[in-house]
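An overview of the molecular structure
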Amino acid sequence: MLALSFLELNSTLALNLSWTGLKQRAGLTEAKSGAGVSAEASSVKCKLQGAARLPAFSMDGDYVIGGVFSIHNYMHTVKHNYTTMPEPLRIDSRELRFSRAMVFAIQEINNSSKLLPGITLGYQIHDSCGSVPMAVRVAFQLSNGLEPVFYTGNNCSQSGMVMGIVGESGSTPSISMSRVIGSFNIPQVSHFATCACLSNKEQYPSFFRTIPSDQFQADALAKLVKHFGWTWIGAVRSDSDYGNNGMASFLDAAQKEGICVEYSESFYRTHPRSKIQRVADVIRRSTAMVVVAFAASGDMKILLEELSREPSPPRQWIGTESWVTNPDMLRFTFCAGAIGFSIQQSVIPGLRDFLLDLPDTKDAFNCRLGKSEKIKMHNSSHESVCDGTEDIQTLKSPYTDTSQLRITNMVYKAVYAIAHAIHNSACQKTNSTTQCDKHTRVESKQVLTQLKKVNFSQNGYDVSFDANGDPVATYELVNWQKSKIGSIEFVTVGHYDASLPVGQEFRINRNLTWVEGSTQVPVSVCTDSCPPGTRKVLQKGKPICCYDCIPCPEGEISNATDSPDCFPCPKEFWPNAERNKCFPKPVEFLSFDEVLGIILAAFSVGGACLAMITAAVFFRHRMSPIVRANNSELSFLLLFSLTLCFLCSLTFMGAPSEWSCMLRHTAFGITFVLCISCVLGKTIVVLMAFKATLPGNNVMKWFGPPQQRMTVVSFTFIQVLICTIWLLLSPPFPMENLTVYKEKIILECALGSAIGFWAVLGYIGLLAVFCFVLAVLARKLPDNFNEAKFITFSMLIFCAVWITFIPAYVSSPGKFTVAVEIFAILASSFGLILCIFAPKCFIILFQPEKNTKKHLMNKN
């Protein structure tokens, strides 16, 4: 028989069980007399002390399954200053549907010919009224039975025991119940207790559940928050085992994902309104756009009611399966756009018709049958009289709404799991038939053992448990979206499957609607992301999500958003202006294409042309006295060497190569020595010529043309020898200079051996100084046209140029080092050609009257 009895909570419940009887049920003995157990010689009689609480629904059967649901609950409203006044009991429509779904499943099993054939399952479904103490009392009662004298025999170990218990809906009452019934090996299968702590088989050995552990949901929520780029969130939770343990798991997972929490507040439905107001004010004042709520449905309802009293900034709510798919929550329209994970939406054929077949459904229409009856629901009175036209089939309420069956299916699967465990304990399969003996005594311990092994499919939904009593974790991602008619409805937009490989568990397959109906993902960060080219620097005393964006230092880049560090470019690369990419450094050398190169090349070519023109003038007037008087052979050799000096400066331009580096320094050294040797020879000739004019002096025969040629060759050969040794031992070579400029590469010729380079310059300087000294000695000889004074001027310029060249060469950066060297070559070359040959060309071309032997022989 089905017995429906919703008891009043304000009645006194005194279920004081005999602890001696409980210990004997656990296999213990108690010898004390007067402990509530009457011991006789032939039998032991176990009695309940106090009145038993009748179940809300019950039916006898060969094997009985217990059920515990919070069909009624207390709701508290704060009056005046922190004073709480309890309201009358309220029916939780969803919990009522859970309990009726259990009855439906048992009836379906009893009508089945495949599962438990010939055996009838009974049930005892109790209302815990959302109270932990009540859930504990119910657990004791389900462990003992209802009769005042519930067993007479040798012991009390099997009296009134149910084969398994479905429930409770909350984690805290489930924990308390499991501690009671676990001692007696009674399996408990919860449909809605998700606390990860219940996976501990050492503490809860008989606990199973058809809903995934919160550990999986916490990980999924953290990945969801990370997926949408939210790094700055608020967190609220129920101050219960469910909320505290679930939020702890979430915060741990969120920290690993780099998510920061601005605040974490706890509350409970029985807290005074001042506490709820404080939590609501924290949410209103916060800067975090996203709020993750790990709260039970009843607690969340209280918080949202408080938030709805005063307008608050829009918030993007992230919910858990406890409340995010509760139809009662849809009335809070300011939560539109909320998203969260829920249990898979299911279909149970025939359930709605069964739910409508519930006595006293007149309450749903808020009317009374007669004038003398008055129905009180939700603390309000309704005086209307039912007129008989009410159609229960059109009734729409959370109780009859089967369009979003999620947790209800968990109840359905829990009942079938226990039934399969009983089937595996009481039935045997012979050939193609299954035989069950209802007289076979099955203990709850056997059911517990078989429950660990169940693996079946019901209505297309797989049921099995892992070593911790947990099912495979699969969730749907649900979004609160407005329908075409303006109402808010649950829309499945994605899935999460913890059994899939890492990185593939989470997927979204539909568009989401966000807070205030927006289609753009809201932003919830403490600090905007640092763009590439900057790095994050944490703000002192604040979470890691609060930081400043500092530009990368010179030579370093960051090419990712929110980069914690900048890294240097490779040595041959340099950052762009934004400092987010490395580009090859520009290569710099003295090129023929740039202005400086063009100018120097022009002077170089111009100088060579000038030397050739001068040579042509001299050759054209080679028989003239001024040309013959100044040693024409050395003059032509000097002009040739000057031409080479001008042209050798061109080897310093362009990209350095192995051959150009060796050529430029050796050509420069040899041509300049040849040039100075010629000048030195001319100076010696002047001095020897003056000495030869003295009576009895025949010195000129010792320094004739052969000796002059030998002098030039000897001096030049020494320089050739120095250059050869330099090239053989450590020649100049091209190199990329990365130290002068950080942002570009200087292509230059390394000296190879610095000693070789300075030996070449030193030898040139030595000859120049020697030539200068001789020229100074001969500058005042009594000739009308004394070439020595022009050589003196030219050597003075030459020495001055190369003395200033040394510091300029050392201090000039990059390609300007080469430019300084070219300038020194050109300046000294122009000094020589202008000082030595310009006066002679002027006379030859413009004052031919002075180009006579008579004029040259006249003395001053």
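Given the structure is predicted, the values throughout are model-derived calculations rather than measurements.

**Overview of the sheet that holds strand β19 (residues 316–319)**
A sheet is described by the order of its strands in space; here 8 strands give the open sequence β17-β16-β18-β19-β20-β27-β28-β29, paired in mixed fashion. Either end of the sheet is taken by a strand with one partner, and the two such strands are β17 (260–267) and β29 (506–508). Pairwise comparison of adjacent strand axes, ignoring direction, gives a mean angle of 25° for this sheet. Two strands pair when backbone bridges link them, and strand β20 (residues 339–342) and strand β27 (residues 474–482) are joined in this way by 4 bridges, in the antiparallel orientation. Opposite Phe 341, over in β27, you have Leu 477 as the bridge partner. Helix α5 (residues 214–227) rests against β16 (232–238), β18 (290–294), β19, β20, β27, β28 (488–497) and β29 of the sheet, and its axis sits at about 150° to β20.

**Digging into the UniProt feature "transmembrane region" (unreviewed entry) in the protein chain**
With numbering matched to this structure, UniProt assigns "transmembrane region" (unreviewed entry) to residues 595–619, 634–655, 667–690, 711–729, 755–778, 790–810 and 822–846. Annotated as residues 595–619, this span is 100% helix and 0% strand, and its ends, taken at the C-alpha atoms, are 36 Å apart. The span residues 822–846 is 100% helical and 0% strand by assignment, and the distance between its end C-alpha atoms comes to 32 Å.

**Observations concerning the confidence of the model for the protein chain**
For the protein chain, per-residue confidence averages 82 on the pLDDT scale, and 82% of positions sit at 70 or higher. Predicted confidence is poor over residues 76–86, with pLDDT under 50, and the contacts of this stretch with residues over four places away or in other chains come to 17 contacts. For residues 369–383, every residue scores under 50 in pLDDT, and the model assigns this stretch 23 contacts once sequence neighbours within four places are set aside.

**Regarding the side chain of Arg 664**
Counting through the fold element by element, Arg 664 comes out in helix α15 (residues 658–692). No salt bridge forms around the buried Arg 664; measuring N to O, its nearest opposite-charge neighbour Glu 821 is 6.3 Å away. In this structure the side chain of Arg 664 is engaged in a polar contact, spanning 3.2 Å, whose partner is the backbone oxygen of Thr 651. Looking at Arg 664, its side chain comes within polar contact range of the main-chain oxygen of Phe 652, at 3.4 Å.

**Comments concerning the pairing of β19**
Along β19, one buried face is formed by Gln 316 and Ile 318 and the opposite face, lined by Trp 317 and Gly 319, is buried too. When β18 meets β19, the two strands line up parallel, connected through 4 bridges. For Ala 293, the partnering residue across the bridge sits in β19 and is Gly 319. Chirality of the crossover, the property in question, places the unit of β18, helix α8 (residues 297–309) and β19 among those that are right-handed. In this sheet, β20 lies alongside β19 in parallel orientation, the contact comprising 2 bridges. Bridge pairing in β20 links Ile 318 to Ile 339.

About the criteria used
Residues numbered from 1 in each chain as written. Predicted model: local features only at pLDDT ≥ 70, side-chain atom pairs only at ≥ 80, totals over all residues. Heavy atoms only, no water. Pairing = 2+ DSSP bridges. Helix = DSSP H or I, 4+ residues; strand = E, 2+ residues; numbered from the N terminus. Axes fitted to C-alpha atoms, helices over the stretch in contact; angles between N-to-C directions. Contact = heavy atoms within 4.5 Å. UniProt positions renumbered as here; feature names shortened; annotations may be inferred. pLDDT = per-residue confidence, 0-100. Buried < 20%, exposed > 50% of the residue type's maximum accessible area, 1.4 Å probe, protein only. Lys, Arg positive; Asp, Glu negative; His and termini not counted. Salt bridge = Lys/Arg side-chain N within 4 Å of Asp/Glu carboxyl O. Polar contact = N/O pair within 3.5 Å; in protein donor to acceptor, adjacent residues only side chain to side chain. Right-handed = clockwise from strand over helix to strand, strands pointing away.

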